[in-house]
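# An overview of the molecular structure
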Amino acid sequence: MGTSVQVTPLCGVYNENPLSYLVSIDGFNFLIDCGWNDHFDPSLLEPLSRVASTVDAVLLSHPDTLHLGALPYAMKQLGLSAVVYSTEPVYRLGLLTMYDQYLSRKQVSDFDLFTLDDIDSAFQNVTRLTYAQNHHLSGKGEGIVISPHVSGHLLGGTVWKITKDGEDVIYAVDFNHRKEKHLNGINQASFVRPAVLITDAYNALNNQPYRRQKDKEFTDTIKKTLRSDGNVLLPVDTAGRVLELVQILESCWADENLNYPIFFLTYVASSTIDYVKSFLEWMSDSIAKSFEKTRENAFILKRITLLVNKSELDNAPDGPKVVLASMASLEAGFSHDIFVEWATDPKNLVLFTERAQFGTLARMLQADPPPKAVKVTMSKRVPLVGEELIAYEEEQNRIRKEEALKASLIKEEESKSVQGADVSMSDPMVVDASNTHSLLDAAGPHGGGYRDMLIDGFTPPSTSAAPMFPFYENNSDWDDFGEVINPDDYVIKDADMDQGAVHVGGDMDGKLDEGSASLILDTRPSKVVATELTVQVKCSLIYMDFEGRSDARSIKSILSHMAPLKLVLVHGTAEATEHLKQHCLKHVCPHVYAPQIEETIDVTSDLCAYKVQLSEKLMSNVLFKKLGDYEIAWVDSEAGKTENGALSLLPISTPAPPHESVLVGDLKMANFKQFLSDNGVQVEFAGGALRCGEYVTLRKVGDASHKVGWPITIPLVIPRV
């Protein structure tokens, strides 16, 4: 029997809801992604709540809300306590994404599903891995190896490879094969013939134009609006696809020497860019090579101004401008308020670069045709004044008095319990006055590592807890140069520094953004004032696909190349999921599954895996041949058992049959020509073949498009002339 694999979707199948899936491998439970949407609806997490306590490890694939937004809530409220794995950018940028989500909502509502401390607590124990790093699990997960690989969708985005007994389970959602300005595409060669492939059908019905054509259309649309004296609003995510848009705008403004101001506005904008500057090794080859040659960081932004407070935008000079503001859904954040202000001007443009989540204001505006008027809620947090402030302070005083009374009652009960207890067996803080002097005498002036000192002149009764102060003797060693110290006592651990930086806001310098600090440190009593408005939408509304996902044609081609033994489809509309399922059944593999929420499917491999030992008697007769950095050989053996009962490969009892010659690798005719020349054969190219003397011609034959696995056998035809 092969490695046991079960997949249970907890959210995000047959729809575009957040992603969250339980994958069990030989009884070890992985929670792959822990997403939420911008509505933060707890009902979506009910399936997760039923299994959270059984999760052994969490794998995060991307640093956005749809992939990790529920992590703080799940760890605080649902009993999730497993170790979390991600890449460094997913950890850092995911942390900032959740900060921005919390601050955006706290400014306009009494948001209480999680706090900044809950976010810090959820992220502080994340284990960070680098691309292609094999991490071996221990304990219950012994024998399982996890490895993150490039997904090409977001910075640090991950395709997870989980390996057990030589079989691969691949989790590849939201991948992108195209190279972009700041990201490399997925490396398809790393995922050939996996036992199980879990992928999404999100883009199974959509095709995209070429990247250069799309980039040009994007910048031309923005420039047209600016030259017509209009403003451009781009609702974006906090630290995901916005990075690609930033690079496109920076490049365009530099090439054409444009002077229109561009603003990037989120509560954590400066922290985001500070972190991204240090992640060049996670980006595209072009950015890495550019830095090596010029030592210029691609994210030192020269034409984009970072803002963390809307008042800074309001104080900017009048005139056409481009603003990239969070959130992409327009449900909250700065983009919501800017849309309400700009929507009534026909000269302005709201440019959407990703499909918005269902039920959001942005999704409504992306409808065809878009609505001419929308109802929105404008909320604002204002300080309490007058009678409201007095009532608030009275309520707080009442609460404090109740807490003090409760504490005194608890203390009184503890005192009664101590009074009836045996003094000699009670708490160390309870001291018998009759034994005080004997204890001090026993300790002596130089006795013990420490002793407890009583307040001078005060002898407590035997039934009470005496106020005591810990006193420690200084027993350090001294030599000719002074006191002997241990250098390790003065080393600041990296983990402690990381935790300190995270706790104060996640900034590279451990400082809060101004906008974040104003919300966190403002302790004045306040309330949220909300008003309903009907906004007449007169501005232009355009959607362009800059989601950074492979389109339908590419997905089908990539799945055919991966050729999984079993395929599980998740995250996509019912129509897209069914379309991709039927295609894959015909062209990819015969085992394609599309489970429902909380439906567990068994995708255990039909192959059998055995662990065997290679006996010394067998290996002593094996003849290896050098092949590049490796050595290969034919092995003929028969299975047997060792003295301890383990399976072993032993030499065969009969003579081994002869083996046909096999060419391993890719034969290059130019290299073969050089080999023949070195061995004294007169050879030259003629019509794509090698002519050897007057009578022999060598050429490759076979369909060049034929896909074969490794090793490769290439037939050589040697016709007589």
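Structural data are supplied above this passage.
This structure is a prediction, so every number in the text was calculated from the model and none was measured.

A separate point is the sheet that holds strand β10 (residues 167-172). Reading across from one edge, β7-β8-β9-β10-β11-β24-β25 is the order of the seven strands in this open sheet, with mixed pairing throughout. Bordering the open sheet on either side are β7 (135-136) and β25 (592-593), each of which pairs with just one other strand. The sheet contacts of helix α18 (residues 574-587) involve β11 (196-200), β24 (566-570) and β25, and relative to β24 the element is tilted by about 170°.

Mapped onto the fold, N297 is located in the loop between α9 (285-294) and β14 (304-307). A polar atom in the side chain of N297 sits 2.8 Å from the backbone oxygen of K277.

This part takes up a nonpolar patch on the surface. Taken together, the side chains of L614, M619 and F624 make up a nonpolar region of the molecular surface, amounting to roughly 270 Å² of accessible area. Along the chain, M619 falls in helix α19 (residues 616-619).

On to the packing of helix α4 (residues 88-106) against helix α5 (residues 116-123). For any two helices packed against each other, one specifies the inter-axial angle together with the distance between the axes. At a minimum axis distance of 10 Å, the contact between α4 and α5 shows a crossing angle of 165°. As far as their axial angle goes, α5 and α4 are roughly antiparallel. Crossing hand, α4 versus α5: right-handed. In this structure, α4 contributes Y91, G94, L95, M98, Y99, Y102 and L103 to the contact, and α5 contributes L116, I119, D120 and F123.

On to the packing of helix α6 (residues 211-227) against helix α7 (residues 242-256). At a closest axis distance of 11 Å, the pairing of α6 and α7 adopts a crossing angle of 65°. As far as their axial angle goes, α7 and α6 are roughly perpendicular. The hand of the α6/α7 crossing is right-handed. In this structure, α6 uses D215, F218, T219, I222, K223, L226 and R227 to contact α7, whose residues at the interface are L245, I248, L249, C252, W253 and E256.

Turning to the packing of aromatic side chains, a few remarks are in order. Taken as a whole, this structure holds 15 aromatic pairs when the rule is applied. Taking the centre distance of 6.3 Å and the plane angle of 45° together, the rings of Y91 and F123 count as tilted. Residue Y91 is located in helix α4, and its partner F123 is located in helix α5; the two are separated by 32 residues in the primary sequence. Exposure remark for F123: the relative accessible area of 0% places this residue in the buried category. Judged by centre distance (4.9 Å) and plane angle (70°), the ring pair of Y131 and W282 falls under edge-to-face.

Across the sheet, which stays open at both edges, the six strands sit in the order β14-β13-β15-β12-β16-β23 with parallel pairing between neighbours. Looking at strand neighbours, the two that pair on one side only are β14 and β23 (540-543), the edges of this open sheet. Shown here is a sheet whose adjacent strand axes are inclined to one another by a mean of 20°, direction ignored. The sheet contact formed by strand β13 (residues 262-265) and strand β15 (residues 322-325) spans four bridges and is parallel. The residue of β15 that forms the bridge with F263 is V323. Relative to the sheet, α6 contacts β12 (232-235), β15, β16 (349-352) and β23, its axis offset from that of β12 by approximately 140°. The strands touched by α7 within the sheet are β12, β13, β14 and β15, with β15 carrying the most contacts at an inclination of about 165°.

The tally for this structure, following the rule as stated, stands at 26 salt bridges. Here R92 and E88 are joined by a salt bridge, their closest N and O atoms 2.9 Å apart. Taken as a pair, R92 and E88 lie in helix α4 at a separation of four residues, close to a single helical turn. We classify R92 as buried; its relative accessible area is 8%. K223 is the partner of E256 in a salt bridge, and the nearest nitrogen-oxygen pair spans 2.6 Å. Of this pair, E256 sits in helix α7 while K223 sits in helix α6, and the two are 33 residues apart along the sequence. E256 sits in the partly exposed class, given a relative accessible area of 36%. When salt bridges with common partners are traced through the structure, they connect D174, R355, E547 and R549 into a single cluster.

Attention now moves to the environment of T377. Relative to the assigned elements, T377 resides in strand β17 (residues 373-383). Once the C-alpha coordinates of T377 and T534 are considered, the two residues, 157 residues apart in sequence, prove to be 8.8 Å apart. In contact with T377, not counting residues within four places along its chain, are H336, A530, T531 and E532. Reaching out from T377, the side chain makes a polar contact with the side chain of E532 at a distance of 2.9 Å.

Along the polypeptide, D545 turns up in the loop between β23 and α17 (552-562). Buried within the structure, D545 lacks any salt-bridge partner; its nearest side chain of opposite charge belongs to R355, at an N-O separation of 5.3 Å. For D545, the side chain forms a polar contact with the main-chain nitrogen of E547, separated by 3.0 Å. Non-local contacts of D545, meaning those with residues more than four positions away in its chain, are made with N203, Q208, K214 and T353.

The rules we used
Residues numbered from 1 in each chain as written. Predicted model: local features only at pLDDT ≥ 70, side-chain atom pairs only at ≥ 80, totals over all residues. Heavy atoms only, no water. Pairing = 2+ DSSP bridges. Helix = DSSP H or I, 4+ residues; strand = E, 2+ residues; numbered from the N terminus. Contact = heavy atoms within 4.5 Å. Axes fitted to C-alpha atoms, helices over the stretch in contact; angles between N-to-C directions. Polar contact = N/O pair within 3.5 Å; in protein donor to acceptor, adjacent residues only side chain to side chain. Patch = residues over 30% accessible without salt bridge, like charges linked within 9 Å, V, L, I, M, F, W, Y side chains within 5 Å. Areas by Shrake-Rupley, 256 points an atom, 1.4 Å probe, with all protein chains shown as cover. Salt bridge = Lys/Arg side-chain N within 4 Å of Asp/Glu carboxyl O. Parallel < 35°, antiparallel > 145°, perpendicular 65-115°, else oblique. Left-handed = near helix turned anticlockwise from the far one by under 90°. Phe/Tyr/Trp six-rings, centres within 6.5 Å; stacked < 30°, edge-to-face > 60°. Buried < 20%, exposed > 50% of the residue type's maximum accessible area, 1.4 Å probe, protein only. Lys, Arg positive; Asp, Glu negative; His and termini not counted.

These results come straight from atomic positions and should not be treated as a statement about function.
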